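Geometric and topological summary
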Amino acid sequence: MNNCENYRFIERYRPFRDLTFKFYSNGSLTIIDNTAEEVITPRELKGESYDFYVKRRIAYIKQNLHDKLNKYA
């Protein structure tokens with residue numbers, strides 16, 4: 001089963017993008033610009049939205065490693 005965690009992030013500085021980050025349990029990611037109603041890539045992120053993406057990705061990797069250690073320990 002492929003679970004999904006959704007996070008909404010609104011930038012505080014121009015261009016004030018309203019983004020939805022969808023992190024899937026298989027490691028895939030979808031980033032949606034809610035204003036433009038289009039999917040964007042991590043390369044298109046800047047500043048605080050990029051920092052948010054990196055922190056959430058690191059948290060996902062840590063949790064995934066922790067889950068695997070518990071499963072195989």
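Here we summarise the structure given alongside this text. Everything quoted here is computed from the prediction, not taken from an experiment. (Residues numbered from 1 in each chain as written. Predicted model: local features only at pLDDT ≥ 70, side-chain atom pairs only at ≥ 80, totals over all residues. Heavy atoms only, no water.)

Here's the deal with the pairing of strand β2 (residues 18-24)
Consecutive residues of a regular strand have side chains that alternate between opposite faces of the sheet. The criterion, for reference: Exposed residues in this analysis have more than 50% of their type's maximum accessible area, buried residues have under 20%, and partly exposed residues fall in between, with area computed by a 1.4 Å probe over protein chains only. Under the scheme used here, helices are H or I runs from DSSP no shorter than 4 residues and strands are E runs no shorter than 2 residues, and both carry numbers assigned from the N terminus. Should DSSP find at least two bridges between two strands, the strands are regarded as paired.
With five of its seven residues buried, β2 lies for the most part within the structure. For β2 and strand β3 (residues 29-33), the ladder comprises five bridges, and the chain directions are antiparallel. Residue pairing across strands places L19 opposite D33, the latter belonging to β3. Between β2 and β3, which follow one another and run antiparallel, lie four residues, and G27 among them has a positive phi close to 100°.

What about unusual backbone geometry?
Cis peptide bonds are those with omega within 30 degrees of zero, and the linkage from R14 to P15 qualifies with 15°. Structurally, P15 is set in the loop between β1 (4-10) and β2. Positive phi is not limited to glycine here, since F16 has a value of about 55°. Position of F16 among the secondary structure elements: in the loop between β1 and β2. Residue class for F16 comes out partly exposed when judged on its relative accessible area of 43%. A positive phi angle is found at E37, which is not glycine, with a value near 55°. Within the secondary structure, E37 sits in the loop between β3 and β4 (38-40).

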